[in-house]
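Observations on the model geometry
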Amino acid sequence: MVRNGVTGVADAFSPSHRGGSGPPLVLVHGLSSSAAAWQRVVPAFIKDFRVIALDQRGHGDSSWVDADRYDTDSYVADLEAFVDGLGLQRFVVVGHSMGGHHTLAYAASHPERVRCAVVNDIPPALERDVDASAERFPEGRHPVYANLDEWIDAERPTQPFT
């Protein structure tokens, strides 16, 4: 299923190609990942939930967009369109890493629709400062380093345990 260029993988995780029954469980992957990243954990949820995942914009089978449209608000709008397209009224949403940020932002904007929000592998703050993001990701891309030492030197000021 494709909605606004976002590819949803709904009901496609079990051998019978049905995502289980019960309340919907929406899985939101992290950066450099896709809906397929959830395949190993889905068996734990399939008996109790209707498991649904999506490929966020620019990931997996979803469309790429202009570099300035990879921001939290755009991803949250995609998630909103995705769950609306499926007709989900209330659901559990689980987000990993970047998907965790989008999960928090969605839950904050739509608390009436989220039965439970679970986030994993994110820092304790939701960064929505466009200028800070632009500085960290020039031209909308991750910086490229010549070697591991160069990367460590760049990361150490903000991540002292690197």
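Residues numbered from 1 in each chain as written. Predicted model: local features only at pLDDT ≥ 70, side-chain atom pairs only at ≥ 80, totals over all residues. Heavy atoms only, no water.

As for unusual backbone geometry
Phi is positive for Ser32, which is not a glycine, with a value near 60 degrees. Its location among the elements puts Ser32 in the loop between strand S3 (24–28) and helix H1 (42–45). Assessed through its relative accessible area of 69%, Ser32 is described here as exposed. Phi is positive for Ser97, close to 55 degrees, though the residue is something other than glycine. Within the secondary structure layout, Ser97 lies in the loop between strand S5 (91–96) and helix H3 (98–109). (Helix = DSSP H or I, 4+ residues; strand = E, 2+ residues; numbered from the N terminus. Buried < 20%, exposed > 50% of the residue type's maximum accessible area, 1.4 Å probe, protein only.)

Remarks on the packing of helix H2 (residues 72–85) against H3
For the pair H2 and H3, the least separation of the axes is 9 Å and the interaxial angle reads 70 degrees. It follows that H2 is roughly perpendicular to H3 by the angle criterion. Between H2 and H3, the residues in contact are Thr72, Tyr75, Val76, Leu79, Glu80 and Val83 and Met98, His102, Ala105 and Tyr106, respectively. Of the residues belonging to the contact of H2 with H3, the class tally is seven nonpolar, two polar and one charged. (Axes fitted to C-alpha atoms, helices over the stretch in contact; angles between N-to-C directions. Parallel < 35°, antiparallel > 145°, perpendicular 65-115°, else oblique. Contact = heavy atoms within 4.5 Å. Nonpolar A, V, L, I, M, F, W, Y, C, P; charged D, E, K, R; others polar.)

Topic: the pairing of S5
Of all the six residues making up S5, five are buried; the element is thus mostly covered by neighbouring parts of the structure. Strand direction decides the pairing type here: S3 and S5, joined by four bridges, are parallel. Across the sheet, residue Val28 finds its bridge partner in S5, namely Gly95. With six bridges joining them, S5 and strand S6 (residues 114–120) adopt parallel strand pairing. Note that in S6 the partner of Val92 across the bridge is Cys116. Of the crossover connections in this fold, the one passing from S5 over H3 to the parallel S6 is right-handed. (Pairing = 2+ DSSP bridges. Right-handed = clockwise from strand over helix to strand, strands pointing away.)

A look at the pairing of S3
Within S3, five of the five residues are buried, which leaves it mostly tucked inside the rest of the structure. Side chains Pro24, Val26 and Val28 of S3 all project onto a buried face; the interleaved residues Leu25 and Leu27 project onto the opposite face, where all are buried too. In this sheet, strand S4 (residues 50–55) lies alongside S3 in parallel orientation, the contact comprising five bridges. The residue bridging Leu25 from the neighbouring strand is Val51, located in S4.

Here's the deal with the packing of aromatic side chains
Summed over the entire model, instances satisfying the criterion amount to four aromatic pairs. Here Phe45 and Phe49 contribute two aromatic rings whose centre-to-centre distance is 6.3 Å and whose plane-to-plane angle is 70 degrees, an arrangement assigned as edge-to-face. A ring pair is formed by Tyr70 and Tyr75, whose centres lie 6.2 Å apart and whose planes are at 55 degrees; its orientation type is tilted. Given the relative accessible area of 24%, Tyr70 is considered partly exposed. Members of the aromatic cluster, each reached through a chain of ring pairs, are Trp64, Tyr70 and Tyr75. (Phe/Tyr/Trp six-rings, centres within 6.5 Å; stacked < 30°, edge-to-face > 60°.)

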